Amino acid sequence: MKKKLVSMAKALVFVILANLLAHFLYARFDLTEDKRYTLAQPAIAAVSRFENPVIVDVLLEGNLPPEFVKLKTETRLLLEAFAAQNENIKFTFVDPLEGVEQIDGTITELQSLGLTPTRVTVSDNSKVSQEIIFPWAMVNYENTTVRVPLLKNKQGTTTEDRVNNSVQHLEYAFADAFAKIALKEKKRIAVIKGNGELGDLYLADFLTTIRDYYNIGAITLDSVERNPQKVLDQLKGYDLALIAKPTEAFSDGEKYVMDQYIMNGGKSIWLIDQVSVELDSLFNESGSTIAVPRDLNLNDLFFKYGVRLNPDLVNDMYFTQIVLASGEGNASQYEPVPWRYHPMVFSKNDHPINNNLEAIRFQFANSIDTLGNANKKTILFQSSPLSKTDGTPKSIRLDLINTPPKKERFNDGGKPMAVLIEGDFNSAFTNRIKPIKLANDLEKGTANKMLVVADGDVIKNQLRNGRPLELGYDKWTSNYYGNKEFLVNAMNYLLDDNGLINIRTKKVAIPFLDETKISGQRTKWQLINIGLPVALTIIFGLLFNHFRKRKYGR
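A brief report on the enclosed structure follows. (Residues numbered from 1 in each chain as written. Predicted model: local features only at pLDDT ≥ 70, side-chain atom pairs only at ≥ 80, totals over all residues. Heavy atoms only, no water.)

So, about the overall build of the protein chain. When helices and strands are counted, the protein chain shows 12 helices and 27 strands. Here the protein chain, with 554 residues, has 46% of them falling under the buried criterion. Summed over all atoms, the accessible surface of the protein chain reaches about 29400 Å², with 52% contributed by carbon and sulfur. (Helix = DSSP H or I, 4+ residues; strand = E, 2+ residues; numbered from the N terminus. Buried < 20%, exposed > 50% of the residue type's maximum accessible area, 1.4 Å probe, protein only. Areas by Shrake-Rupley, 256 points an atom, 1.4 Å probe, with all protein chains shown as cover.)

On to the pairing of strand β1 (residues 54-58). On a regular strand, one side chain projects to one face of the sheet and the next to the other, so that they alternate. Burial along β1 is one-sided: the residues V54, V56 and V58 are buried and none of I55 and D57 is. Pairing of β1 with strand β2 (residues 89-93) involves 5 bridges; the strand directions are parallel. Looking at β2, one finds that I55 is bridged to K90. Tracing the backbone out of β1, into helix α3 (residues 66-85) and back to the parallel element β2 gives a crossover that is right-handed. (Pairing = 2+ DSSP bridges. Right-handed = clockwise from strand over helix to strand, strands pointing away.)

One pair of aromatic rings is described through two measures. These are the centre distance and the angle between the planes. Enumeration according to the criterion identifies 16 aromatic pairs in this entry. Between Y318 and F346 the ring centres are 6.4 Å apart and the planes differ by 85 degrees, which places this aromatic pair in the edge-to-face class. Of this pair, Y318 sits in the loop between β14 (312-316) and β15 (319-326) while F346 sits in the loop between β16 (333-345) and β17 (360-361), and the two are 28 residues apart along the sequence. For the pair Y341 and F364, a centre-to-centre distance of 6.1 Å together with 20 degrees between the ring planes defines the contact as stacked. Pair noted here: Y341 is in strand β16 and F364 is in the loop between β17 and β18 (368-370), with a separation of 23 residues, a long-range link. (Phe/Tyr/Trp six-rings, centres within 6.5 Å; stacked < 30°, edge-to-face > 60°.)

Here we take up empty space enclosed by the protein. Under the criterion given, the structure shown has 2 cavities of 30 Å³ or more. Size it by volume and the second largest cavity reaches roughly 30 Å³. Residues that form the lining of the second largest cavity fall into these classes: 1 nonpolar, 4 polar and 1 charged. (1 Å grid on protein atoms, 1.4 Å probe; cavity = no way out; pocket = protein on both sides within 12 Å on 5 of 7 lines; lining within 4 Å. Points joined across faces, edges and corners; volume = space filled by probe spheres on them. Nonpolar A, V, L, I, M, F, W, Y, C, P; charged D, E, K, R; others polar.)

Among the nonpolar cores identified, the biggest contains 82 residues, and F82, F174, F178, F206, I459 and F486 are the most heavily contacted of them. Of all the elements, helix α5 (residues 159-181) adds the most residues to this core, at 11 residues. When residues no more than four places from it in sequence are discounted, the contact partners of F178 are A46, V47, F50, V54, V56, F82, I89 and V139. If you look at the next biggest cluster of nonpolar residues, it comprises 38 residues, including I192, M258, I436 and M450. (Core = buried A, V, L, I, M, F, W, Y, C linked by side-chain atoms within 4.5 Å. Contact = heavy atoms within 4.5 Å.)

So, about helix α6 (residues 200-210). Helical geometry note: an α-helix holds 3.6 residues per turn, so side chains three or four residues apart project in the same direction. Inspection of α6 places L203, A204, D205, F206, L207 and I210 among the buried residues, and these make up the whole buried set. Contacts from the buried residues of α6 go to β7 (187-193), β8 (214-220), β9 (240-244), β25 (467-468) and α10 (483-495).

Our next topic: the sheet that holds β1. With mixed pairing, 4 strands are arranged side by side in an open sheet as β2-β1-β5-β6. On the outer flanks of this sheet lie β2 and β6 (144-149), each paired with one strand and no other. Between one strand axis and the next, the sheet turns by 20 degrees as a mean value, whatever way the strands run. Here strand β5 (residues 136-141) runs beside β6; their pairing, made up of 6 bridges, is antiparallel. Considered in β6, the bridge of V139 is made with V146. (Axes fitted to C-alpha atoms, helices over the stretch in contact; angles between N-to-C directions.)

Here T289 lies in strand β12 (residues 288-293). Classification of T289 by relative accessible area gives buried; the value is 16%. Through-space distance from the C-alpha of T289 to that of L398 is 9.1 Å; in sequence the pair is 109 residues apart. When sequence neighbours within four positions are dropped, the list of residues in contact with T289 reads V277, S281, L282, K394, S395 and I396. Looking at T289, its side chain comes within polar contact range of the side chain of S281, at 3.5 Å. (Polar contact = N/O pair within 3.5 Å; in protein donor to acceptor, adjacent residues only side chain to side chain.)

All right, on to unusual backbone geometry then. Across the junction of T392 and P393, the peptide omega takes the value 5 degrees, indicating a cis bond. On the secondary structure map, P393 appears in the loop between β20 (387-391) and β21 (394-397). Unlike most non-glycine residues, N356 shows phi in positive territory, near 60 degrees. Along the chain, N356 falls in the loop between β16 and β17. Note on N356: relative accessible area 5%, which makes it buried. The phi dihedral of N431 falls on the positive side, at around 60 degrees, and the residue is not glycine. Tracing the backbone shows N431 in the loop between β22 (416-426) and β23 (444-453). Its relative accessible area of 74% is what places N431 among the exposed residues.

See the structure below:
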């Protein structure tokens, strides 16, 4: 008895010591081929600064379809990896509709918080049902809450691709949220005014989205004529300038102020329409309008930096739709029709800005030529192989929708439409007479970044009853496009000092069961899983009795 007690005591001491050792020498091993649970260094840095609890509420719980169970599992494992880096990261999984009597009211309330539900058709043999799921997480820290979208939808993708896209995005989505709620000083964005740019109402959704990251102000360039130095000094207080669809020409003085802002390290996003034409101008008795070149007096500026915006229109057989009404009064019907001057542009997934994005919608976009200089040019988006460019002036008619395209003419595709420029920029006014006098003007700048997009409407949100809708949502066709995420990614990349945006290039592959094989081989695997264990048990029992009789029957 004494020996047994000693043995039990030794075992107990061993277990206690092993647990203490495991506590102090905790280690995680990522054995996945793609290292999906090994956090990038910027992600680790994003969570290391928290000294108080960060509560993450994940709204993925309850009766979930198989693909969402996989998403839930991957989300849990990723949050465990974050929690391993900082014990202040706490997370729970909740079902927002569990125990709720007024489900419709709860759904409306969640939608008002920006938590859009996803309706999923679940089929189990002959039973088909609709499930409402909220694929979101809420990151809460002190008095700040940030929403994290867990599901990435892409048009035309399979369930497997959709979950792969979502899992691939998870680390960046959470790291971005952690970095966002920990911000003490936000960088500053200047929205440039004074040259007929888009009004605030059409920029509302994008500006509301980036307020979580940045402070936003407006700079009016028409003050350059009175006090150019003051305007430049104000601009220097901002980290990035956003120029969204100017329609009036820049004076040489305004252009020089922008040039010197860039030479002093200011980042910039230029969303430019080089052709004057609007869809609304087609809705007249003739159903036509004339597209004419728009002179913004910016050609020499862009030429010096390394690109040329062409006064043409991209005509693409990969298009988005517009909606036309037929009939009159209450008998009116709205029909979506193809419109080749509104290209649907797909990402090449070759850069942190465009990786894993939904298709982008361009409207009356132009082409861009990249020019040879020391700056690095990255083409982020380009027209499809089945596209061409139409020169201007050009008559644009609505009856284009009734004219079948001649495919043999759409053979001049791959036209750049969004170009990222990086390098040590040289002033566009080098060896030129300066239009205005500025103090400490520079002819060569430091390392800088600039995005040029040949479409001003890429940032424009639609309105409903005078209120802005989400950027990228088309109220006429109910389609969603990736415009907002593209521009947010671009802004984050231009201003990202810690490399967080580079997490978006991480590739993750999630293995899935083949649904076709599952359906066709269901009976076989049921027999194997149920019958084989029973058969092995019976065989083992018979052999055990046989050898037992031989041993003790003598």
